[in-house]
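Spelled out from the first residue to the last, the chains are:
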Amino acid sequence: MPAAPPVTLREITADTLRSIIRLDVGEHQKAFVAPNSVSIAQAHFEPKAWFRAIYAGEEPIGFVMVYENPEESEYFLWRFMIDHRHQGKGYGRAALSQVIERIRGLPAATRLLTSYLPGEGSPGGFYHRMGFVDNGDEDEGESITVLEF
Ligand SMILES: CC(C)(COP(=O)(O)OP(=O)(O)OC[C@H]1O[C@@H](n2cnc3c(N)ncnc32)[C@H](O)[C@@H]1OP(=O)(O)O)[C@@H](O)C(=O)NCCC(=O)NCCS
């Protein structure tokens, strides 16, 4: 079997923007994450947003956005998606591991939070496999889950 292409996080440029906007989740997953076009637009109005396209080799496969608040030493995984054609191949794990390593390396970071909508097809199980632990809090129907560094 050929080796899996390396996963990298890359800045989005005028040339790559359309290919990132075209990435999409499955029909039954649309409630779990906003379209990338919306996320990229929001990112441009939020100075604390850090966002990247996710690539496998030279192919764009996903998108990640983090809300960074260094004063509170708390980081929030705001958006995370792997295109439906590329899910289940370990790319989500590889990409999120890189995001975690980056944040862990920042001087003030103590934890990374995210929230997920529970239910059929929920990404909750994915986060738990990545080491996140639910803290029992909810925000607008979403469960808060936390990775302590
Ligand atoms: C959740 C998501 C990012 C996972 O990406 P992926 O590339 O398919 O995940 P991986 O193949 O890297 O899976 C890593 C591990 O998580 C598990 N996993 C993946 N999705 C899961 C899910 N929905 N529930 C439970 N476990 C899951 C895999 O079985 C694998 O387990 P293993 O390492 O023990 O073998 C992807 O399914 C997605 O984009 N979903 C739609 C958007 C979404 O829900 N984003 C999160 C918004 S809060």
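For the structure, check the block above.
Nothing here was measured: the structure is a model prediction, and the numbers come from that model.

### A word on the overall build of the protein chain
Scanning the protein chain for helices and strands turns up 4 helices and 7 strands. The order of α-helices and β-strands along the protein chain, N terminus first, is β-α-α-β-β-β-α-β-α-β-β. What you see for the protein chain is a C-alpha radius of gyration of 15 Å, in line with the 15 Å of a compact globule of 149 residues. Taken along its principal axes, the extent of the C-alpha atoms in the protein chain is 40 × 35 × 30 Å. Considering the protein chain as a whole, with its 149 residues, one finds that 28% of them fall into the buried category. Residue pairs in contact within the protein chain that sit at least 24 positions apart in sequence constitute 57% of those at least 6 positions apart.

### Description of the site of the ligand
Around the ligand sit 20 residues, and of these Phe32, Gln87, Gly92, Arg93 and Gly125 come closest. When residues of the shell around the ligand are traced back to their parent elements, those giving at least two are strand 4 (74-82), helix 3 (91-104), strand 5 (111-116) and helix 4 (124-129).

### Quick word on the environment of Ala94
Along the chain, the position of Ala94 falls in helix 3. The spatial distance from the C-alpha of Ala94 to the C-alpha of Phe126 is 12 Å, given a sequence separation of 32 residues.

### Some remarks on helix 2 (residues 36-43)
One turn of an α-helix holds 3.6 residues; hence residues three or four places apart share an orientation. If you check which residues of helix 2 are buried, you get Asn36, Ser39 and Ile40. Along helix 2, the residues classed as buried sweep out an arc of 95° about the axis, all on the same side. Of the exposed residues in helix 2, the ones pointing more than 90 degrees away from its buried face are Val38 and Ala41. Of the surrounding secondary structure, the elements contacted by the buried residues of helix 2 are helix 1 (17-21), strand 2 (49-56), strand 3 (59-69) and strand 4.

Conventions used here
Residues numbered from 1 in each chain as written. Predicted model: local features only at pLDDT ≥ 70, side-chain atom pairs only at ≥ 80, totals over all residues. Helix = DSSP H or I, 4+ residues; strand = E, 2+ residues; numbered from the N terminus. Rg over C-alpha atoms; globule rule 2.2 N^0.38 Å. Buried ≥ 20, exposed ≤ 12 C-beta atoms within 10 Å, placed from the backbone. Contact = placed C-beta atoms within 7 Å. Near = placed C-beta within 6 Å. Arc of directions from axis to C-beta.

That is the geometry; function is a separate question.
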